[in-house]
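# Notes for the structure review
These are the residues of each chain, in order.
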There are 2 protein chains.
Amino acid sequence: MEAANPLYKNQGIHVIVSIFTVEKGKTKVLLIKRKNEPFKNMWALVGGSLYNNENLDFGLQREIMEKTGLKNIETYFSGIFDDINRSPVMRMLAISYIGIIDNEKVSILKDTFKTSNAEWFPIELVPDLAYDHNNILNSALNSLKSKILTTNILKSLFPNGFTIPEIQKTYESILNEKYDRRNFRRKLLNLDLIYDTKTEIKFEGNKPAKLYKFKD
Amino acid sequence: MEAANPLYKNQGIHVIVSIFTVEKGKTKVLLIKRKNEPFKNMWALVGGSLYNNENLDFGLQREIMEKTGLKNIETYFSGIFDDINRSPVMRMLAISYIGIIDNEKVSILKDTFKTSNAEWFPIELVPDLAYDHNNILNSALNSLKSKILTTNILKSLFPNGFTIPEIQKTYESILNEKYDRRNFRRKLLNLDLIYDTKTEIKFEGNKPAKLYKFKD
DNA sequence: ACAAAAGTGTTGACTTTACACCCATGG
DNA sequence: CCATGGGTGTAAAGTCAACACTTTTGT
């Protein structure tokens, strides 16, 4: 059925995801280079237009797949962007999500039907992006900071588990803070988000560390 | 400009608000009775379809005005409802908000172009609602409960200020809890959301109470 | 002077912070 | 046996929960 009132027509929904990783103490975000108008040849966050037969998560996963080749990325709601003119094509509402993955464990398609490149950018080196994606990314980064303190969002970064000193570095990278080793461990354990796998990981020349995993 | 891909067409956005009040220890929600299809003659939350030339807040305020006569209601984001078939007419995404006002200080239009009635319903006596509005209301109530603990959302209930014992009853009504008077006062003051107006309110036969207001 | 509701302070329990020592490994 | 980084405990400070008495007003 078609909408009668012309004011109801020509509206669409963008689903956008800021996919983060943490590498050597740097928080990075995955950007793709657009092949098509509008904003042809500009860098952009991953995402695109929702189809009218998709719910939000389904459409977002399709867009992630189409533009990066990645499958089953866990995403978390971040915010809504409703500027009337945020797209030059037609009125598009953007619904923004965040995700986080280990960039060394995945391979990203650099060339797809709609993209001509894909790169991880350290967040302080992000260029001018298509649409209002710089804004969206900014707010996504804030969401990331608050989510790692209360949810198991980092699970996707450590699918095989992690040691406490290892994940502490990740927290410190994302939040730009330093924490006391002993108190950090206690606090993280008290959050009841992780459990001891009762296995140990050996490093070169150091005492082996306990391996933990996030609960579901 | 029209979207090319038919999957991009026929999508719309509902802006929906659960407007609450608290009266004699009861949390109530404002419902309107629909005059038109779909869901003709059913009760529903306030809201409707966003126009393509409106941002979310503007569209929401217009809908509130059209269906209740109320102006300038402060609203807070609550959630998104993306079921593909949540509207029988076409694919509609719903963006849900909450608001809270003093029902004794406003007058609600009972008959408008699109509504044939409007009533405050105690939340435990809410009937079957149009669309997925029962779901939306449920989640809105949870948002309300968490927002009163961290934001000044109750400001709109007490535009002229409040005494601590008075607002404590409101907290207790919404959260269904009882609190110690002394600890409640200390906690609320520590949140840094309110300030002492240095005036007092006299009640019949009681010690006068200090008047506080929410900060902006 | 009494009833009704408002205002205030203290103690113990718990949580959070700061901080120092011992342990396991590889070289 | 030494260097590196991992693991743990404790004391002091701060926060939160429980609780009782005093104040102001109208009658």
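Criteria and cut-off values
Residues numbered from 1 in each chain as written. Chains lettered and ligands numbered in written order. Predicted model: local features only at pLDDT ≥ 70, side-chain atom pairs only at ≥ 80, totals over all residues. Heavy atoms only, no water. Helix = DSSP H or I, 4+ residues; strand = E, 2+ residues; numbered from the N terminus. Buried < 20%, exposed > 50% of the residue type's maximum accessible area, 1.4 Å probe, protein only. Contact = heavy atoms within 4.5 Å. Areas by Shrake-Rupley, 256 points an atom, 1.4 Å probe, with all protein chains shown as cover. Near = heavy atom within 4 Å. Polar contact = N/O pair within 3.5 Å; in protein donor to acceptor, adjacent residues only side chain to side chain. Nonpolar A, V, L, I, M, F, W, Y, C, P; charged D, E, K, R; others polar. Pairing = 2+ DSSP bridges. Least-squares fit on C-alpha atoms with pLDDT ≥ 70 in both. Buried area = accessible area lost by both parts, 1.4 Å probe. Salt bridge = Lys/Arg side-chain N within 4 Å of Asp/Glu carboxyl O. Phe/Tyr/Trp six-rings, centres within 6.5 Å; stacked < 30°, edge-to-face > 60°. Axes fitted to C-alpha atoms, helices over the stretch in contact; angles between N-to-C directions. Parallel < 35°, antiparallel > 145°, perpendicular 65-115°, else oblique. Domains from an automatic or database assignment.

### As for the overall build of chain A
- The secondary structure content of chain A amounts to 4 helices and 9 strands.
- Start at the N end of chain A and walk to the C end: the helices and strands fall as β-β-β-β-α-β-β-β-α-α-α-β-β.
- Principal-axis analysis of the C-alpha atoms places the extent of chain A at approximately 65 × 30 × 30 Å.
- Across the 216 residues that make up chain A, the buried fraction comes to 53%.
- Considering only residue pairs separated by 6 or more positions, chain A has 63% of its internal contacts joining residues 24 or more positions apart.
- Within the structure as shown, chain A displays about 11000 Å² of accessible surface, and the carbon and sulfur contribution to it stands at 50%.

### Some words on the protein's contact with DNA strand D
- As a structural note, the neighbourhood of DNA strand D is formed by 20 residues, with Arg 181, Arg 182, Arg 185 and Lys 210 of chain A together with Gly 205 of chain B the closest of them.
- Counting only atoms of DNA strand D within 4 Å of the protein, the fraction found in sugar and phosphate groups is 41%.
- Between DNA strand D and Asn 206 of chain B there is a distance of 3.4 Å, counted from a sugar or linking oxygen to a backbone nitrogen or oxygen.
- With respect to DNA strand D, the backbone of Lys 207 of chain B contributes an N or O atom lying 3.2 Å from a base oxygen.
- Elements with a contribution of two residues or more to the surface near DNA strand D: helix H4 (181–190) and strand S9 (209–214) of chain A together with helix H4 (181–190) of chain B.
- Residue classes in the surface near DNA strand D are distributed as 4 nonpolar, 5 polar and 11 charged.

### Notes on the pairing of strand S5 (residues 76–81) of chain A
All names here are of chain A.
- Buried residues dominate S5, accounting for 5 of its 6 residues.
- Relative to strand S6 (residues 91–100), S5 runs antiparallel, the two being bridged by 5 bridges. Of the residues in S6, the one forming a bridge with Phe 77 is Tyr 97.

### A few points about the protein's contact with DNA strand C
- The environment of DNA strand C is made up of 21 residues, and the closest members are Arg 182 and Gly 205 of chain A together with Arg 181, Arg 185 and Lys 210 of chain B.
- Each atom of DNA strand C within 4 Å of the protein belongs either to a base or to sugar and phosphate, the latter forming 43%.
- Within the backbone of Lys 207 of chain A, a nitrogen or oxygen atom sits 3.5 Å from a base nitrogen of DNA strand C.
- Contributions of two or more residues to the surface near DNA strand C are made by H4 of chain A together with H4 and strand S9 (209–214) of chain B.
- Residue composition of the surface near DNA strand C, by class: 4 nonpolar, 5 polar and 12 charged.

### A short note on the relation of the copies chain A and chain B
- Mapping chain A onto chain B calls for a rotation angle of 180° and an axial translation of 0.0 Å; the resulting RMSD is 0.1 Å. Such values leave the two copies arranged in the relation of a two-fold axis. No C-alpha of chain A lies nearer the rotation axis than that of Gln 11 of chain A, which sits 3.3 Å from it.
- Most of the interface of chain A is mirrored in chain B, where 100% of its interface residues again form contacts.

### Things to note about the interface of chain A and chain B
- In this complex, chain A contributes 30 residues to the contact, which on the side of chain B involves 30 residues.
- Here chain A and chain B share an interface that buries about 2900 Å² over both sides, 58% of which is from carbon and sulfur atoms.
- Summed over the three residues of chain A that lose the most area to chain B, namely Tyr 8, Gln 11 and Asn 52 of chain A, the buried surface amounts to 22% of that side.
- At the junction of chain A with chain B, the criterion picks out 0 salt bridges.
- Here chain A is connected to chain B by 14 residue pairs in polar contact (both at pLDDT 80 or more).
- Broken down by secondary-structure element, the contributors of at least two residues to the side of chain A that touches chain B are strand S1 (11–23), helix H1 (56–68), S5 and S6 of chain A.
- Broken down by element, the residue count for the side of chain A that touches chain B peaks at 3 residues, all from S6 of chain A.
- Here the side of chain A that touches chain B is built from residues that sort into 16 nonpolar, 7 polar and 7 charged.

### Observations regarding the environment of Lys 155 of chain A
Residue and element names in this part refer to chain A.
- Among the structural elements, Lys 155 can be located in the loop between helix H2 (133–150) and helix H3 (164–175).
- For the pair formed by Lys 155 and Ile 101, sequence separation is 54 residues and the distance between their alpha carbons is 8.7 Å.
- Residues in contact with Lys 155, not counting those within four places in the same chain, are Glu 74, Phe 214, Lys 215 and Asp 216.

### Considering the packing of aromatic side chains
- Per the stated rule, a full pass over the model turns up 17 aromatic pairs over all chains.
- With 4.6 Å between their ring centres and 50° between their planes, Phe 39 of chain A and Tyr 131 of chain A make a pair best called tilted. Of the two residues, Phe 39 of chain A is situated in the loop between strand S2 (26–34) and strand S3 (43–44) and Tyr 131 of chain A in the loop between strand S7 (115–122) and H2; the sequence distance between them amounts to 92 residues.
- Each ring, one from Tyr 51 of chain A and one from Tyr 8 of chain B, has its centre 5.7 Å from the other, and the planes form 55°; the classification is tilted. Highlighted residues: Tyr 51 of chain A in the loop between strand S4 (46–49) and H1 and Tyr 8 of chain B in the segment before strand S1 (11–23), drawn from two different chains.

### Considerations on H4 of chain B
- For H4 of chain B, the side-chain oxygen to backbone nitrogen distance between the N-cap and Arg 182 of chain B is 2.9 Å, and the N-cap itself is Asp 180 of chain B.
- Where H4 of chain B terminates, the next one or two residues include Asp 192 of chain B, which has phi positive at roughly 65°.

### Description of the packing of helix H3 (residues 164–175) of chain B against H4 of chain B
Residues and elements named next belong to chain B.
- Direction vectors running N to C along H3 and H4 enclose 95°, while the axes themselves pass 10 Å from each other. Considering the angle they form, H3 stands roughly perpendicular to H4. Here H3 contributes Ile 164, Pro 165, Ile 167, Gln 168 and Tyr 171 to the contact with H4, which in turn contributes Arg 181, Phe 184, Arg 185 and Leu 188.
- Here the contact of H3 with H4 is built from residues that sort into 6 nonpolar, 1 polar and 2 charged.

### Digging into the domain arrangement of chain A
Residues and elements named next belong to chain A.
- Per the domain assignment, the segments of chain A are domain 1 (2–147) and domain 2 (153–214).
- For domain 1 and domain 2, the distance between their C-alpha centres works out to 29 Å.
- Opposite the 15 residues of domain 1 that make contact, domain 2 presents 11 residues.
- Taking both partners together, domain 1 and domain 2 bury about 1100 Å²; carbon and sulfur atoms supply 68% of that area.
- Of all residues in domain 1, Val 22, Ile 100 and Lys 145 bury the most surface against domain 2, accounting for 41% of the area lost on that side.
- The interface formed by domain 1 and domain 2 holds 1 salt bridge in total.
- A salt bridge links Glu 74 to Lys 155; the nearest nitrogen and oxygen atoms lie 4.0 Å apart.
- Residue assignment for the side of domain 1 that touches domain 2 shows that the elements contributing at least two residues are S1, S2, S6 and H2.
- Top contributing element to the side of domain 1 that touches domain 2 by residue count: H2, with 3 residues.
- Looking at the side of domain 1 that touches domain 2 residue by residue, the classes come out as 6 nonpolar, 3 polar and 6 charged.

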